[in-house]
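Next come the chains, spelled out residue by residue.
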Amino acid sequence: MDYNDEIQAAVEWKTTREQVAIWCSRDLVPGAEPAGDGWKIPKNAPRPRAEDLVSPKPEPVAKPFLKWAGGKTQILDQIRARYPEGLGRELDRYAEPFVGSGAVLFDVLSRYDMGEIYIGDTNRELIACYQTVRDRVDELTEILERYEKDYLPGDAAARKLFYTQARTRFNQLKKEASHVTELAALFIFLNHTCFNGLYRVNSEGEFNVPMGSYRNPTICDAKNLRAVSQALAGVNITCAGYGQSLGIINSSSFVYVDPPYRPLSPTSRFTSYVQGAFGDPEQAELARFVDEAVEKGAYVLVSNSDPKNTDPQDDFFDRLYAKHAIERIKAVRVINSVATGRGAITELLIVGYKK
Ligand SMILES: C[S@@+](CC[C@H](N)C(=O)[O-])C[C@H]1O[C@@H](n2cnc3c(N)ncnc32)[C@H](O)[C@@H]1O
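None of the values given here were measured: they were computed from a predicted structure. (Residues numbered from 1 in each chain as written. Predicted model: local features only at pLDDT ≥ 70, side-chain atom pairs only at ≥ 80, totals over all residues.)

1. Looking at the domain arrangement of the protein chain
Convention followed: These domain limits were set by an automatic method or by a database of domain assignments.
Looking at the protein chain, the domain boundaries give domain 1 (3-54), domain 2 (73-121 + 240-352) and domain 3 (123-230). The distance between the C-alpha centroids of domain 2 and domain 3 comes to 27 Å.

2. Here we look at helix 5 (residues 103-111)
Operational definition: Working definition of burial: number of other C-beta atoms within 10 Å of the residue's own, with buried at 20 or more, exposed at 12 or fewer, and partly exposed in between, all C-beta atoms being placed from the backbone. By the criteria applied, helices consist of DSSP H or I runs no shorter than four residues and strands consist of E runs no shorter than two, each listed in order from the N terminus. It is the C-beta atoms, placed from the backbone, that decide contacts: two residues are in contact if theirs lie within 7 Å.
For helix 5, the buried fraction is high: eight of the nine residues fall into the buried class. Inspection of helix 5 places Ala103, Val104, Leu105, Phe106, Asp107, Val108, Leu109 and Arg111 among the buried residues, and these make up the whole buried set. On its buried face, helix 5 sits against helix 2 (17-25), helix 4 (76-80), strand 4 (93-96), strand 5 (116-121), helix 10 (222-232) and strand 7 (253-257).

3. Considering the nonpolar core
Short version of the rule: Residues of type Ala, Val, Leu, Ile, Met, Phe, Trp, Tyr and Cys that are buried and joined through C-beta atoms within 7 Å form what is called a nonpolar core.
Among the nonpolar cores identified, the biggest contains 69 residues, and Val133, Val255, Val290 and Val300 are the most heavily contacted of them. If one sorts the elements of this core by residue count, helix 9 (residues 180-193) sits on top with eight residues. Two domains share this core, each providing at least three of its residues, namely domain 2 (73-121 + 240-352) and domain 3 (123-230). Leave out the neighbours within four places in its chain, and Val300 touches Val255, Val257, Val290, Ala293, Val294, Gly352 and Tyr353. Core analysis: the second largest hydrophobic core is formed by 11 residues, Val20, Ile22, Trp23 and Ala32 among them.

4. Some details on the site of the ligand
Let me state the cut-off plainly: Using a C-beta atom placed from the backbone for every residue, we mark a residue as near a molecule or strand if that atom lies within 6 Å of it. By the convention adopted, Pro, Cys, Tyr, Trp, Phe, Met, Ile, Leu, Val and Ala count as nonpolar, Lys, Arg, Asp and Glu as charged, and the other residues, Gly among them, as polar.
For the ligand, the set of nearby residues contains 22 residues, the closest of which are Trp68, Gly70, Phe98, Gly100 and Ser101. For the shell around the ligand, the class distribution of residues is 10 nonpolar, nine polar and three charged.

5. Let's talk about the environment of Arg136
Along the polypeptide, Arg136 turns up in the loop between helix 6 (124-135) and helix 7 (137-151). Looking at Arg136, the number of C-beta atoms within 10 Å reads 16, which means it is partly exposed. C-alpha separation for the pair Arg136 and Thr218, spaced 82 residues apart in sequence, amounts to 20 Å.

6. Re unusual backbone geometry
Backbone geometry follows two general trends: most residues other than glycine have a negative phi, and most peptide bonds adopt the trans configuration. One non-glycine residue, Lys14, lies in the positive phi region at around 50°. Note on placement: Lys14 falls in the loop between helix 1 (6-12) and helix 2. Owing to 7 C-beta atoms within 10 Å, Lys14 belongs among the exposed residues under this scheme. Within the chain, Asn196 stands out as a residue other than glycine whose phi angle is a positive 55°. Topologically, Asn196 is positioned in the loop between helix 9 and helix 10.

7. Let's talk about the sheet that holds strand 3 (residues 38-42)
Quick note on the threshold: DSSP calls a pair of strands paired once it identifies at least 2 bridges connecting them.
Pairing is antiparallel across the open sheet formed by three strands, whose spatial order is 1-3-2. Where the open sheet ends on each side, the last strands, each with one partner, are strand 1 (3-4) and strand 2 (33-35). One ladder, built from three bridges, connects strand 2 with strand 3; its direction is antiparallel. Of the residues in strand 3, the one forming a bridge with Pro34 is Trp39.

8. Digging into the pairing of strand 3
As defined by bridge partners, strand 1 adjoins strand 3 across two bridges and the pair is classed as antiparallel. Bridge assignment links Asn4 to a residue of strand 3, and that residue is Ile41.

9. Regarding the pairing of strand 4
Sheet topology places strand 4 next to strand 5; four bridges connect them, and they run parallel. Looking at the pairing, Ala95 lines up with Tyr118 of strand 5. Taken together, the three bridges between strand 4 and strand 7 define a ladder with parallel strand orientation. From the neighbouring strand, Arg93 faces strand 7, where its bridge partner is Ser253.

10. Here we look at helix 7
To keep it simple, the criterion reads: By this rule, a helix spans an expected 1.5 Å times one less than how many residues it contains. By construction, the arc corresponds to the directions joining the helix axis to the C-beta atoms.
The end-to-end C-alpha distance of helix 7, which contains 15 residues, comes to 21 Å, matching closely the 21 Å that a straight helix rising 1.5 Å per residue would cover. The complete set of buried residues in helix 7 reads Val137, Leu140, Thr141 and Leu144. All buried residues of helix 7 project into a common sector of 90° when viewed along the axis, lining one side. Residues of helix 7 that are exposed and angled more than 90 degrees away from the buried face: Asp138 and Lys149.

The structure is reproduced here in structure tokens:
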């Protein structure tokens, strides 16, 4: 029998090599067989149907259920274009040690069948929220539906009162580390109704973001929460620093690393994450972690800001990641304190793997 490789099949079928690999890994191409790190495809195999193009995995497709500073939805296409080949096959472990709202996590989960999945973050309430969505989604949506019914019909004053009471209750439960499901519901409610979805705490560790001004915020998206719960079944969800993930990273791993970005200018040195700075020494330590993960054979993708937006001479990351491929991608960010202001800037995507 005559065979095409993925590239030849992609040309013939007027699609991408990645799409061909997805079709093959989903058994949609009769007679296709793994070959090296790709596929061999019988020349007479029919092109899969058009509807298989859009959703490589059956519904329901889980989406991020939180807004998060540094969320990656906007540049997801550019990140996706750098996913490794063999994802969902030889590379069937996924680790995202700075998960935030998990834009890349949910994209990977919706497209590929991964074996072992690890997500982590140092934000305790965020992680407890993920665990609650995974383990107790019915109780959680019941509480959120109640909040929605009580909050949405209120006028500005009633909403403000509801918001303030919810924030006080959240801070009380956070301190006691009790009523985990209610705490997760409050976390989601506050995230969707506070100013810009920020998560900021004061020196006492109390969440202190004021209410935002959304006319009709989504408080309970039960359908998505259920899809997320299903997608998270069996996922290792850990509250820990990123270093913890090293133990489970190996040569079958794809690791997406999205740390707090290095501020572009001294005046923008404000991070909305949990207490604990992420300065230049921490960025350097993280680069050593990336080296170690690559040394273990993992394929690692790292996001960060590009200092060259504000200082063309600043080669901080070029030096830190000199061993790896550094790519500059276009992004639109609202950063008022830098010369470029609001508009297109570049960000870094660093690709590391053992050659
Ligand atoms: C840029 S955000 C990640 C955004 C995420 N990719 C998204 O799409 O929403 C960085 C995250 O790292 C977490 N973080 C900060 N320091 C950390 C550390 N040392 N280890 C693990 N997570 C940390 C923060 O709590 C925050 O959620």
